[in-house]
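Given next are the chains, with one letter for each unit.
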Amino acid sequence: MPHLFRRYTPHSYVCLLAAFCCVVAQPAHGRSPARVPVQFLITAAVGFGNSVFVVGDHPDLGGWDVTHALKLRFTSGNVWIGEIAVQAGTDFQFRYLKRSTGQENWCNTGNAVYLTGVLSQSVSPEPPPPYRGKTIYYSSGWSAATLVYNAGGGNFAGLPMTKIGDGRTAGESLFKISGVGEAGENLEFVFTDNNNHWDNPPGGGNYLTGLDVFWLQDGNIFSYSPPAIVSAPHVLAPHLVNSSVPNIAARNVRVYLPRAYDQNVNRRYPVVYFEDGQNVFDSSTTFGGVEWQADETATREISQGRMREAILVGIDNTAARIPEYQPPNDSYQGMQGRADGYANFLINNVRPYIDNAFRTLNDPKNTVTIGSSMGGLVSLYLGREYTTFGKIAVMSPALWISPNYIAQVNTGSKKPLRVHLDMGTAEGQSDFDNCLAMYDTHLSQGYVTNSDVEFVAGCGQQHNETAWAARLPTVLDYLLPAREDPAELALRDFPPVLSIGVLDPPNQTVMLNYPALFGFNYALSRSSNLGNWAPVSMTTETQPWAQRSTGDNGFTAAGPTFWRLQATPSP
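Residues numbered from 1 in each chain as written. Predicted model: local features only at pLDDT ≥ 70, side-chain atom pairs only at ≥ 80, totals over all residues. Heavy atoms only, no water.

Concerning empty space enclosed by the protein
Here is step 1 of the chain: Following the criterion strictly, the structure yields two cavities of 30 Å³ or more and no others.
Here is step 2 of the chain: Around the largest cavity, the lining is made up of 14 residues, and of these Ser-223, Arg-259, Met-307, Ala-482 and Asp-485 lie nearest the centre.
Here is step 3 of the chain: Each residue belonging to the lining of the largest cavity can be placed in one class, and the counts come to seven nonpolar, two polar and five charged.
Here is step 4 of the chain: As a volume, the second largest cavity reaches approximately 40 Å³.
Here is step 5 of the chain: Every residue lining the second largest cavity is listed: Pro-130, Leu-491, Phe-494, Pro-496, Pro-515, Ala-516, Leu-517 and Tyr-522.
Here is step 6 of the chain: Per-element tally for the lining of the second largest cavity: the top contributor is strand E33 (residues 509-517), with three residues.
Here is step 7 of the chain: The class makeup of the residues in the lining of the second largest cavity is eight nonpolar, no polar and no charged. (1 Å grid on protein atoms, 1.4 Å probe; cavity = no way out; pocket = protein on both sides within 12 Å on 5 of 7 lines; lining within 4 Å. Points joined across faces, edges and corners; volume = space filled by probe spheres on them. Nonpolar A, V, L, I, M, F, W, Y, C, P; charged D, E, K, R; others polar. Helix = DSSP H or I, 4+ residues; strand = E, 2+ residues; numbered from the N terminus.)

Put into structure tokens, the structure is as follows:
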């Protein structure tokens, strides 16, 4: 009789499968949160100052809200085209429409002339998830707990949770519920003890997350089993970083460490580098006395399961802010840009200090830069000209000051970047137009809306810290979504199970199947005696979830054969 053995540790999962053993997975429901590029194209003459947009019934297409319609780019012959990433497995309806791109009209719901009737299209589905709905763990001092949730915009429903054990202290319990809502979608919820007591997130409102398997403890959502004691997020005292770069002065950096940094000594974190660091965390040092509230925003978005735990770094500006943030082939008021020197300082002085002092993930996909105004310009420059950064936020960028560099960008090619662009509608029309033109440039280079690039208009927002603080949650959730952390709790509760798809002993060939989750490395190896293991394959999952197959052409049918699948989080 074949046997299947499982062993789980906090950072890996091992599955052993004996030859001829086949395991059938339980049925699951839920659409994958993966996004698939869909091309939209229409020929229409819409007149000067207008553009063609797409709006549809799915949230990825604005949810029929014309102020969130997605702009296409103009090409010769009045052809408007663009690729938009839409959720896999979606049957959606949409319409093309004409809108004025004037900043004063952007947020006007009446700014819409429909060019077509309602059209329909489908996006091919991904495989079903390896679990049913959501699974929630809840630590509480209550004797009973009920989940009150909304899984699809309808009415709230209540379901009792099951006590599965004691909590961290006397009188605390651990509750669990599974199969709630739909995997891959957002879940809005609160808890009650059915005795007029409610658990809402800090600051009020309802919890809202897209995570599928999570643990809620002390108002915080975790994708892993959290430590019993969790240190609070905090900003450290400024630290002076010396400069080895000519004409680039030493300056302070300000560091935010996320919750549980002190306890999770084996975890490493993505890093967000903010330009104009005085304005990021502390109103007493900011320009005009208004801060970005980046620490408060990150704390809230992380705690609600919308943003990854991350280290934030504010890099102070200096009296030479304008030339340091301006690309080197442009000048302003006789001062030549030296953003190349600033980049050298950031990459070779600031970043080594951060990497040595803190537990960081420093590959491009985990390195972000965010800036506004001139800081937005240099963030664009840093992302496009250096491979250090894989994600950038270009907020209210001062593109007008660097025409030579913008011309260089316009004639460039697609970079391996995720790009956020934004502008307030109460900023200058030329600035708004320049930012839209930069968005079009990215579309022309092959960036896909919702996936590689997004443009956000801040309705009624001016060129100031208040506006950038208001848009920051959108930025952080887009560049560092919580789903892009390997879901350790999901792996623990729903470990991969190997099954044999095709077995051909005469040709020493077998095809093995297993479910996979985003961000985990899956190493398959083979043994004839459960002692010596030979590697077969290694893959890293890039989809939210998938059903994977891998072949093994090297086993022998002369005796027993075992396969072992080990899953470990990928950095």
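That shown, we press on.
Comments concerning the state of the cysteines
Here is step 1 of the chain: Here the structure, examined in full by the defined rule, presents one disulfide.
Here is step 2 of the chain: Through a disulfide, Cys-107 is tied to Cys-459; the S-S separation comes to 1.9 Å. Handedness of the Cys-107-Cys-459 disulfide follows from its S-S torsion of about -90°: it is left-handed. With Cys-107 in the loop between strand E8 (91-100) and strand E9 (113-114) and Cys-459 in the loop between strand E31 (453-458) and helix H7 (465-479), the pair connects residues that are 352 residues apart, well separated along the chain.
Here is step 3 of the chain: Not engaged in a disulfide, the cysteine Cys-435 finds its nearest cysteine sulfur in Cys-107; these two sulfurs lie 14 Å apart.
Here is step 4 of the chain: On the accessibility criterion, Cys-435 (0% relative accessible area) is buried. (Disulfide = S-S within 2.5 Å. Buried < 20%, exposed > 50% of the residue type's maximum accessible area, 1.4 Å probe, protein only.)

Quick notes on the side chain of Gln-445
Here is step 1 of the chain: Mapped onto the secondary structure, Gln-445 falls in the loop between helix H6 (429-444) and E31.
Here is step 2 of the chain: In this structure Gln-445 comes out as buried when scored by relative accessible area, which is 12%.
Here is step 3 of the chain: In this structure the side chain of Gln-445 is engaged in a polar contact, spanning 3.2 Å, whose partner is the side chain of Arg-384.
Here is step 4 of the chain: When sequence neighbours within four positions are dropped, the list of residues in contact with Gln-445 reads Arg-384, Val-409, Asn-410, Gly-412, Ser-413 and Lys-414. (Polar contact = N/O pair within 3.5 Å; in protein donor to acceptor, adjacent residues only side chain to side chain. Contact = heavy atoms within 4.5 Å.)

A short note on the pattern of salt bridges
Here is step 1 of the chain: Per the stated rule, a full pass over the model turns up 24 salt bridges.
Here is step 2 of the chain: In this structure, the salt-bridge partner of Asp-166 is Lys-163, at a minimum N-O distance of 3.8 Å.
Here is step 3 of the chain: The exposure class assigned to Lys-163 is partly exposed, which follows from its relative accessible area of 44%.
Here is step 4 of the chain: Here Arg-321 and Asp-276 are joined by a salt bridge, their closest N and O atoms 2.7 Å apart. Of the two residues, Arg-321 is situated in helix H2 (residues 321-325) and Asp-276 in the loop between strand E24 (271-274) and helix H1 (294-303); the sequence distance between them amounts to 45 residues.
Here is step 5 of the chain: A relative accessible area of 22% places Arg-321 in the partly exposed class.
Here is step 6 of the chain: Sharing partners across several salt bridges, the network here consists of Arg-259, Arg-267, Glu-309 and Glu-488. (Salt bridge = Lys/Arg side-chain N within 4 Å of Asp/Glu carboxyl O.)

Considering the sheet that holds strand E15 (residues 173-180)
Here is step 1 of the chain: A sheet is described by the order of its strands in space; here five strands give the open sequence E14-E15-E11-E19-E20, paired in mixed fashion. The open sheet terminates on both sides in strands that have one partner only, identified here as strand E14 (162-166) and strand E20 (220-222). Taking the axes of each pair of neighbouring strands and ignoring which way they run, one obtains an average angle of 25° across the sheet. (Pairing = 2+ DSSP bridges. Axes fitted to C-alpha atoms, helices over the stretch in contact; angles between N-to-C directions.)

Looking at the sheet that holds strand E6 (residues 73-75)
Here is step 1 of the chain: A sheet is described by the order of its strands in space; here three strands give the open sequence E3-E7-E6, paired in antiparallel fashion. Where the open sheet ends on each side, the last strands, each with one partner, are strand E3 (35-43) and E6. Within the sheet, the average angular offset between the axes of one strand and its neighbour, ignoring direction, is 30°.
Here is step 2 of the chain: As paired strands, E6 and strand E7 (residues 79-87) are joined by three bridges and run antiparallel to one another.

Considering the packing of H1 against H7
Here is step 1 of the chain: Viewed as axis vectors pointing N to C, H1 and H7 meet at an angle of 50°, and their least axial separation amounts to 10 Å. Relative to H7, the element H1 lies oblique. When the axes of H1 and H7 are compared, the crossing they make is right-handed. Residues Ala-294, Thr-297, Ala-298, Arg-300 and Glu-301 of H1 lie in contact with H7, whose contacting residues are Leu-472, Pro-473, Leu-476 and Asp-477.
Here is step 2 of the chain: For the contact of H1 with H7, the class distribution of residues is five nonpolar, one polar and three charged. (Parallel < 35°, antiparallel > 145°, perpendicular 65-115°, else oblique. Left-handed = near helix turned anticlockwise from the far one by under 90°.)

Concerning the packing of aromatic side chains
Here is step 1 of the chain: The full count for this structure, using the stated rule, is 31 aromatic pairs.
Here is step 2 of the chain: Members of the aromatic cluster, joined through ring pairs, are Tyr-138, Trp-142, Phe-175, Phe-189, Phe-191, Tyr-207 and Phe-214.
Here is step 3 of the chain: One residue, Arg-267, lies across the ring of Tyr-224, its end atom 4.0 Å from the ring centre.
Here is step 4 of the chain: One cation-aromatic arrangement involves Arg-418 over Tyr-478; the distance from NZ or CZ to the ring centre is 5.9 Å. (Phe/Tyr/Trp six-rings, centres within 6.5 Å; stacked < 30°, edge-to-face > 60°. Lys NZ or Arg CZ within 6 Å of the ring centre and 35° of its normal.)

Comments concerning the packing of helix H4 (residues 374-385) against helix H5 (residues 403-410)
Here is step 1 of the chain: The geometry of H4 relative to H5 is characterised by a closest axis approach of 12 Å and an angle of 40° between their N-to-C directions. Classified by the angle their axes make, H4 and H5 are oblique. Considering the relative orientation of H4 and H5, their crossing is left-handed. Contacts between H4 and H5 involve Leu-377, Leu-380, Tyr-381, Arg-384 and Glu-385 from the first element and Tyr-405, Ile-406, Gln-408 and Val-409 from the second.
Here is step 2 of the chain: Here the residues of the contact of H4 with H5 are counted per class, giving six nonpolar, one polar and two charged.

Side note on the environment of Pro-227
Here is step 1 of the chain: One can find Pro-227 in the loop between E20 and strand E21 (234-235).
Here is step 2 of the chain: A sequence separation of 37 residues divides Pro-227 from Asn-264, and the C-alpha atoms of the two residues are 7.7 Å apart.
Here is step 3 of the chain: Excluding residues that lie within four positions of it along the chain, Pro-227 makes contacts with Gln-217, Ala-260, Gln-263 and Asn-264.

Comments concerning the pairing of strand E4 (residues 50-56)
Moving residue by residue along a regular strand, the side chains alternate between the two faces of the sheet.
Here is step 1 of the chain: Of all the seven residues making up E4, six are buried; the element is thus mostly covered by neighbouring parts of the structure.
Here is step 2 of the chain: Taken together, the seven bridges between E4 and E8 define a ladder with antiparallel strand orientation. Each bridged residue has a counterpart across the sheet, and for Val-55 the counterpart in E8 is Arg-95.
Here is step 3 of the chain: Note that E4 and strand E5 (residues 70-71) share two bridges and pair antiparallel. Paired with Val-54 across the two strands is Leu-70, which belongs to E5.

Examining the pairing of strand E13 (residues 157-160)
Here is step 1 of the chain: Pairing of strand E12 (residues 146-150) with E13 involves four bridges; the strand directions are antiparallel. Note that in E13 the partner of Thr-146 across the bridge is Pro-160.
Here is step 2 of the chain: Adjacent in sequence and paired antiparallel, E12 and E13 are bridged by six residues, among which Gly-153 carries a positive phi angle near 85°.

Re unusual backbone geometry
Residues apart from glycine generally show negative phi values, whereas peptide bonds are mostly found in trans.
Here is step 1 of the chain: The backbone of Asp-276 shows a phi angle near 55°, a positive value even though the residue is not glycine.
Here is step 2 of the chain: A residue is classified by how much of its surface remains accessible, and Asp-276, at 5% relative accessible area, is buried.
Here is step 3 of the chain: Here Gln-293, not a glycine, exhibits a phi torsion of approximately 55°, which is positive.
Here is step 4 of the chain: Here Gln-293 lies in the loop between E24 and H1.
Here is step 5 of the chain: Using a relative accessible area of 41% as the deciding quantity, one classes Gln-293 as partly exposed.

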